[in-house]
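Inside the fold
These are the residues of each chain, in order.
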Amino acid sequence: MQDDAATQEMLSLVLDEPEHWAMFLDIDGTLLNLAPTPDAIEVPEALPGQLHRLSNKLGGALALVTGRSLAYADALFKPFAFPTAGLHGAEIRSAAGMHTLEATPEFQALKHALIAEAEQYPGVLIEDKGAAVAAHYRLAPEYEKVLEERMHHYAEVAGPNWALQLGKMVFELRPARSSKGDALERFFQFDPFKNRCPITIGDDLTDESMFAIANARGGVSIRVGAIGAPSCATSRLSSAALVRNVIAALAA
């Protein structure tokens, strides 16, 4: 896996052939520093404009691919509304329009039950994402084991249309038919992404499926953070701050 310097040098070559590349960016832990709670996420003032300028240089072939909802992503980077895959691909906005999976009444009831149960676990935060729900335990790591057990229970209750997704200090129930890799394949069906080579940047297990697509398409896959768990990414940037430095340099 390439180190920071090699990865930054490689990415600097993108603008030599901007029409050749499409960029897919995770948000939390990739563009933005992780925070104790979702509401504590901070967006550097210059970042939305830098992403907009880079998107223009790439002919619009820049997309956000996130576990957050599409509305949440839009609020972070307003006034710009980039092509976005939210909820790991359950929500997709592309040039072809909107594609959204809705929560069933049964899943809505499950979320209410989970929120009520979580009151027993001080510090555990339940994030209702519509067609998905996440249990964050960053503020209460002592509940990891019991929360994992309970989320497996809720996954069984939800049935085969929902899957349990593990992430950094979070367990999430998301639509089983959605993944970040699937989202990339949807984007590649339409301009301006069609026939381009992907650059994927992410920091978590949920990003591995889009790394795999990038590798299969002869593109670039970059894992953000310290070397830890095995990853199929071929390159590395050690921090979200370095990712932002790259974005700023490419957007200049």
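Residues numbered from 1 in each chain as written. Predicted model: local features only at pLDDT ≥ 70, side-chain atom pairs only at ≥ 80, totals over all residues. Heavy atoms only, no water.

Short version of the rule: UniProt positions are given in the numbering used here, feature names are shortened, and annotations may be inferred rather than shown by experiment.
Where an unreviewed UniProt entry is consulted, the protein appears under the name Trehalose 6-phosphate phosphatase, with the organism given as Rhizobium binae. Looking at the Catalytic activity (unreviewed entry) heading of the UniProt record, one finds this comment for the protein: "alpha,alpha-trehalose 6-phosphate + H2O = alpha,alpha-trehalose + phosphate". Quoted verbatim from the Cofactor (unreviewed entry) heading of the UniProt record, the comment on the protein is "Mg(2+)".

1. Concerning the overall build of the protein
Applicable threshold: The helix count covers DSSP runs of H or I at least four residues long, the strand count covers runs of E at least two residues long, and both are numbered beginning at the N terminus. C-alpha atoms define the radius of gyration, and 2.2 Å times the number of residues to the power 0.38 defines the globule rule. A simple rule labels every residue: compare its accessible area, found with a 1.4 Å probe on the protein chains alone, to the largest value its type can have, and call it buried under 20%, exposed over 50%, or partly exposed in between. Here the Shrake-Rupley method, with its probe set to 1.4 Å, supplies the accessible areas, and only the displayed protein chains count as covering residues. Counted as positive: Lys and Arg. Counted as negative: Asp and Glu, with His and the chain ends omitted from the count. By convention, the point assigned to a charge is CZ for Arg, NZ for Lys, CD for Glu and CG for Asp.
In terms of helices and strands, the protein carries eight helices and 12 strands. A compact globule built from 252 residues would reach a C-alpha radius of gyration of about 18 Å, and the protein, at 18 Å, matches this within 12%. Across its three principal axes, the protein shows a C-alpha extent of roughly 55 × 35 × 35 Å. Evaluated residue by residue, the protein yields a buried proportion of 52% over its 252 residues. A total of about 11,100 Å² of accessible surface is found on the protein, and carbon and sulfur atoms cover 53% of it. Counting 21 positive and 32 negative side-chain charges, the protein places the averaged centre of each group 3 Å from the other.

2. With respect to unusual backbone geometry
Omega for the bond connecting Lys78 with Pro79 falls within 30 degrees of zero, at 10°, which places this linkage in the cis form. The linkage connecting Asp191 with the following residue, Pro192, adopts the cis geometry, with an omega of 5°. At Leu87, a residue that is not glycine, the phi angle is positive and equals roughly 50°. Within the secondary structure layout, Leu87 lies in the loop between strand 3 (84-86) and strand 4 (91-94). Assessed through its relative accessible area of 0%, Leu87 is described here as buried.

3. With respect to the environment of Ser12
Relative to the helices and strands, Ser12 resides in helix 1 (residues 4-12). Put simply, Ser12 and Leu70 are 58 residues apart on the chain and 29 Å apart in space, counted from C-alpha to C-alpha.

4. Re the pairing of strand 4
Looking along a regular strand, one sees the side chains alternate between the two faces of the sheet. Applicable threshold: Paired strands are those between which DSSP finds at least two bridges.
Residues Glu91 and Arg93 of strand 4 are buried on one face, and the alternating residues Ile92 and Ser94, pointing to the opposite face, are buried as well. Judged from the three bridges that link them, strand 3 and strand 4 form a sheet pairing that is antiparallel. Within the sheet, the bridge partner assigned to Thr84 lies in strand 4 and is Arg93. Taking the residues that link successive antiparallel strands as the turn, the strand 3-strand 4 hairpin has four residues, and the phi of Leu87 there is positive, at about 50°.

5. Some points on the pattern of salt bridges
Stated precisely, the cut-off is as follows: Take a side-chain nitrogen of Lys or Arg and a carboxyl oxygen of Asp or Glu: if they are within 4 Å of each other, that pair is a salt bridge.
One pass over the full model with this rule turns up 11 salt bridges. Residues Asp28 and Arg68 are paired through a salt bridge, measuring 3.0 Å at the closest nitrogen-oxygen approach. Of the two residues, Asp28 sits in the loop between strand 1 (21-25) and helix 2 (47-57) while Arg68 sits in the loop between strand 2 (62-65) and helix 3 (70-77), which places them 40 residues apart along the sequence. As far as burial versus exposure is concerned, Asp28 and Arg68 are alike and both buried. Where Arg150 meets Glu117, a salt bridge forms, and the shortest distance between an N and an O atom there is 2.6 Å. Placement of the pair is Arg150 in helix 5 (residues 144-158) and Glu117 in helix 4 (residues 105-117), with a sequence separation of 33 residues. The exposure class of Glu117 is buried, given its relative accessible area of 11%.

6. Examining the nonpolar core
Here is the rule we go by: Buried residues of nine kinds, namely Ala, Val, Leu, Ile, Met, Phe, Trp, Tyr and Cys, make up a nonpolar core once their side-chain atoms join them within 4.5 Å.
Leu31 and Phe77 are the most contacted members of the largest nonpolar core, which has 50 residues in total. With six residues, helix 8 (residues 240-251) is the largest single contributor of residues to this core. Of all hydrophobic cores here, the second largest spans 18 residues; its members include Val124, Ile126, Ala135 and Trp162.

7. Comments concerning helix 2
This is how the line gets drawn: Contacts are assigned to residue pairs that have any heavy atoms within 4.5 Å of one another.
Every buried residue of helix 2 is accounted for by Leu47, Pro48, Gly49, Gln50, Leu51, Leu54 and Ser55. The secondary structure elements touched by the buried residues of helix 2 are strand 1, strand 2, helix 3 and helix 8. Among the residues trailing helix 2, Gly59 stands out with phi positive, at a value near 70°.

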